[in-house]
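Topology and contacts: notes
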Amino acid sequence: MSRIYTLAEVSSMMQQDYPAGASVLVARLDPSVLEKIDKGQICVNFYTLVLVQKGRMSYALKGNIIELEENDLVLVPPNYPVSYDSYSSDLQAVNLMIEEDYYHKVLQFDPNLMDMEYSYAYDLLPVFHLDVHKAEMFVSLSKQIQSTIRIPHLYREEMVNHMVHVVQLLFSELLYGGDIQPSHDLTNKQSIFKIFIHMASRNFKKERQIKFYADSLNITTTYLSRTVKEMSGQTVNAYLNTFLYNEICKLLRSSSYNMSEISEMLFFNDQSALTNFFKARSGMTPVAYRRSFEGK
């Protein structure tokens, strides 16, 4: 299992200023910075958003090479091992890093966003190409966050909370395409795909049969299956299993629920079914996974 780095450790590795106790860090990424990062896989315990401003870069996750070019934005959730594959000599990128607990605390300020999970976003829609306006907005927000966390101010926490919330809204718009309702034109496959992702993120804990989602969309299971596959290259079950696996990981890391309680919360037939599902995905039992985070 890859070593998991903290925000302070990555800041030191990249030789970036890190205000003591900060939950957010903004750093530039260019060849001189990437050369300082450990070679091979690196795994961090915070959310990482990278926007390429100039040049290109690529990195590997689960055997796949992810290519990023100008105005491409990617979010990598905590505990995802990645390795930087290559980058151009003229690379310039903004790297916004947000601690997991803080990210979710800000997320809960907005009742419209608090039910949304971002940990699966990397598996589903890994790269977003921003238009010039949205790219400038992200860069401006990052610069404001960077300057705010470095200057003592009576309302510094409230200001950073607000700016991180705006970043979350921007990412939510990219991921979900704004407010998605079933009244959209369902002959459009892109709309069907986005609505399915939205519905699945809210219902996967209990509903993991394709028929539930097809019936809700008033289409056949065959058409939904084919549409999701055509739009993303993945199956309906693959998405539902990704949601489920990430939820189990989150509960194992950040709650005291035992295996029996987690299996009931996620509607497994029994504890053994949960263990078999998790082990097939991670290569270890849920108990072993939880122990790997104890004392950190």
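The coordinates are above.
Okay, so let's go over this structure.

The next thing to look at is the nonpolar core. Counting residues in each nonpolar core, the largest one holds 35 residues, and the members touching the most others are Phe196, Leu224 and Ile248. Every element with two or more residues in this core is listed here: helix 7 (189–203), helix 8 (210–217), helix 9 (221–232), helix 10 (236–254), helix 11 (259–265) and helix 12 (271–282). For phenylalanine 196, the residues in contact, after removing those within four places along its chain, are Tyr213, Leu224, Val228, Val236 and Tyr239.

So, on to the sheet that holds strand 4 (residues 46–54). Ordered by their spatial adjacency, 5 strands build an open sheet running 2-9-4-7-10, and the pairing between neighbours is antiparallel. The open sheet has two edge strands with one neighbour each: strand 2 (24–29) and strand 10 (127–129). With direction set aside, neighbouring strand axes in the sheet form an average angle of 20°. Both strand 4 and strand 9 (residues 92–99) contribute to a ladder of 8 bridges, which runs antiparallel. Within strand 9, the residue paired with valine 50 across the bridge is asparagine 95. In the packing of helix 3 (residues 100–107) onto the sheet, contacts are made with strand 2, strand 4, strand 7 (72–76) and strand 9, and the angle to strand 9 comes to roughly 80°.

With that settled, the discussion passes to the packing of helix 8 against helix 9. Closest axis-to-axis distance for the helix 8/helix 9 pair is 9 Å, and the angle between their directions is 100°. It follows that helix 8 is roughly perpendicular to helix 9 by the angle criterion. Residue-level contacts link Ile210, Lys211, Tyr213, Ala214 and Leu217 of helix 8 to Thr221, Leu224 and Ser225 of helix 9. Looking at the contact of helix 8 with helix 9 residue by residue, the classes come out as 5 nonpolar, 2 polar and 1 charged.

Its place among the elements puts serine 263 in helix 11. Setting aside residues no more than four positions away along its own chain, serine 263 makes contact with Phe268, Asp270, Gln271 and Leu274.

Next up on the list: unusual backbone geometry. In this model, asparagine 71 sits at a positive phi of 70°, which is unusual for a non-glycine residue. As for its position among the elements, asparagine 71 is in the loop between strand 6 (64–68) and strand 7. Accessibility expressed as a relative area gives 15% for asparagine 71, which makes it buried. Residue asparagine 79 is not a glycine yet carries a positive backbone phi of 70°. As for its position among the elements, asparagine 79 is in the loop between strand 7 and strand 8 (83–87).

It is worth spelling out the sheet that holds strand 5 (residues 57–61) at this point. Paired through backbone hydrogen bonds, the strands of a sheet run either parallel or antiparallel to each other. What the 3 strands build is an open sheet, ordered 6-5-8; its pairing is antiparallel. Looking at strand neighbours, the two that pair on one side only are strand 6 and strand 8, the edges of this open sheet. Across this sheet, the average inter-strand angle for adjacent strands is 25°, counted without regard to direction. Here strand 5 runs beside strand 8; their pairing, made up of 4 bridges, is antiparallel. Bridged to serine 58 within strand 8 is serine 86.

Looking now at the packing of aromatic side chains. Following the criterion strictly, the structure yields 10 aromatic pairs and no others. Aromatic pair tyrosine 47 and tyrosine 103: ring centres 4.1 Å apart, planes at 25°, arrangement stacked. Placement of tyrosine 47 in strand 4 and of tyrosine 103 in helix 3 is noted, with a sequence separation of 56 residues between them. Between tyrosine 289 and phenylalanine 293, the aromatic rings sit 4.9 Å apart at their centres with planes inclined by 55°, giving tilted as the arrangement. Both residues of the pair, tyrosine 289 and phenylalanine 293, count as buried. A connected cluster of aromatic rings, assembled from ring pairs, spans Phe193, Phe196, Phe212, Tyr213 and Tyr239. The cationic tip of arginine 253 hangs over the ring face of phenylalanine 293; the distance from NZ or CZ to the ring centre is 5.9 Å.

Conventions adopted
- Residues numbered from 1 in each chain as written.
- Predicted model: local features only at pLDDT ≥ 70, side-chain atom pairs only at ≥ 80, totals over all residues.
- Heavy atoms only, no water.
- Core = buried A, V, L, I, M, F, W, Y, C linked by side-chain atoms within 4.5 Å.
- Buried < 20%, exposed > 50% of the residue type's maximum accessible area, 1.4 Å probe, protein only.
- Helix = DSSP H or I, 4+ residues; strand = E, 2+ residues; numbered from the N terminus.
- Contact = heavy atoms within 4.5 Å.
- Pairing = 2+ DSSP bridges.
- Axes fitted to C-alpha atoms, helices over the stretch in contact; angles between N-to-C directions.
- Parallel < 35°, antiparallel > 145°, perpendicular 65-115°, else oblique.
- Nonpolar A, V, L, I, M, F, W, Y, C, P; charged D, E, K, R; others polar.
- Phe/Tyr/Trp six-rings, centres within 6.5 Å; stacked < 30°, edge-to-face > 60°.
- Lys NZ or Arg CZ within 6 Å of the ring centre and 35° of its normal.

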